[in-house]
Amino acid sequence: DHRVHVVRRGHVHRVDVPTGKILWTSPKAPGLLSHPHIADGVMIVRGSTIMYGFNLTDQGAVLWSYVPVDGSFSSDASIVDGLFLTGMGSLAAGFSVATGQLLFTSEAQGAVGGTRVSDGVLLFTTVPTDVGDNAVFGITIPKRLRSWQ
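Residues numbered from 1 in each chain as written. Predicted model: local features only at pLDDT ≥ 70, side-chain atom pairs only at ≥ 80, totals over all residues. Heavy atoms only, no water.

Some details on the sheet that holds strand E2 (residues 11-16)
Alright, step 1. Strand order in the open sheet formed by 3 strands is E1-E2-E3, and the pairing between neighbours is antiparallel. Of all the strands in the sheet, the pair left with one neighbour each is strand E1 (3-8) and strand E3 (22-25). On average, each strand axis in the sheet is tilted by 25° relative to the strand beside it, whichever way the strands run.
Alright, step 2. Both E2 and E3 contribute to a ladder of 3 bridges, which runs antiparallel. (Pairing = 2+ DSSP bridges. Helix = DSSP H or I, 4+ residues; strand = E, 2+ residues; numbered from the N terminus. Axes fitted to C-alpha atoms, helices over the stretch in contact; angles between N-to-C directions.)

Laid out in structure tokens, this is it:
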């Protein structure tokens, strides 16, 4: 597939790379900042305080959105087994790719930075603060969530 997804001015554009033609443009979704994460026909794009799931098979229609009650999203994320894993303030959080539902959180000792997944364990770092250095944490993703679709 020679197509890419580009975030620009609150829209996601699907572009055909060989021709440069814009194949479709999503509805306006204010605050988009991150590069797209794609799994199971859903493209997830975040801003600092909002996250959207777009339907790739329906011209980028918005499937869902999520606004964190307290805090903002970190700059890094991972997708594994139908879960979108990211930092949200001082929480490591897992969302359903399909619905955007918040499925679990785990408290960190500082703002969550990068996230990665290895063998069913969510690894995340914390951002250094005035009271301490950064750290690396790992939490086991519950099997019932890892196989969730």
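Some thoughts on the packing of aromatic side chains
Alright, step 1. Counted by the stated rule, this structure contains 2 aromatic pairs.
Alright, step 2. Between the aromatic rings of Tyr-66 and Phe-95, the centroid separation amounts to 4.8 Å while the plane-to-plane angle is 70°, which identifies the pairing as edge-to-face. In this pair, Tyr-66 sits in strand E7 (residues 61-66) while Phe-95 sits in strand E10 (residues 91-96), placing the two residues 29 residues apart along the sequence. Each member of the pair, Tyr-66 as well as Phe-95, is classed as buried. (Phe/Tyr/Trp six-rings, centres within 6.5 Å; stacked < 30°, edge-to-face > 60°. Buried < 20%, exposed > 50% of the residue type's maximum accessible area, 1.4 Å probe, protein only.)

Some thoughts on the pairing of E1
Alright, step 1. In terms of strand pairing, E1 meets E2 through 6 bridges, oriented antiparallel. Along E2, the bridge assignment pairs Val-4 with Val-15.
Alright, step 2. Where E1 folds back onto E2 in an antiparallel hairpin, the turn is made up of 2 residues, including Arg-9, whose phi is positive at roughly 50°.

Some remarks on the environment of Lys-28
Alright, step 1. Checked against the element boundaries, Lys-28 lands in the loop between E3 and strand E4 (37-39).
Alright, step 2. When its relative accessible area of 52% is taken as the criterion, Lys-28 is described as exposed.
Alright, step 3. Spatially, the C-alpha atom of Lys-28 lies 9.9 Å from that of Arg-8, the residues being 20 residues apart in sequence.
Alright, step 4. At 3.0 Å, the side chain of Lys-28 and the backbone oxygen of Arg-9 are in polar contact. (Polar contact = N/O pair within 3.5 Å; in protein donor to acceptor, adjacent residues only side chain to side chain.)

Some words on the sheet that holds strand E5 (residues 42-46)
Hydrogen bonds between backbone groups are what pair the strands of a sheet, and the pairing can be parallel or antiparallel.
Alright, step 1. Reading across the sheet, the 4 strands line up as E4-E5-E6-E7 and stay open at both edges, with antiparallel pairing between neighbours. Pairing within the sheet leaves two strands with one partner each, and these edge strands are E4 and E7. Ignoring which end each strand starts from, the neighbouring axes of this sheet average 25° apart.
Alright, step 2. In this structure, E5 lies alongside strand E6 (residues 51-55), joined through 5 bridges in antiparallel fashion. For Ile-44, the partnering residue across the bridge sits in E6 and is Gly-53.

This is a description of form; function is not addressed.
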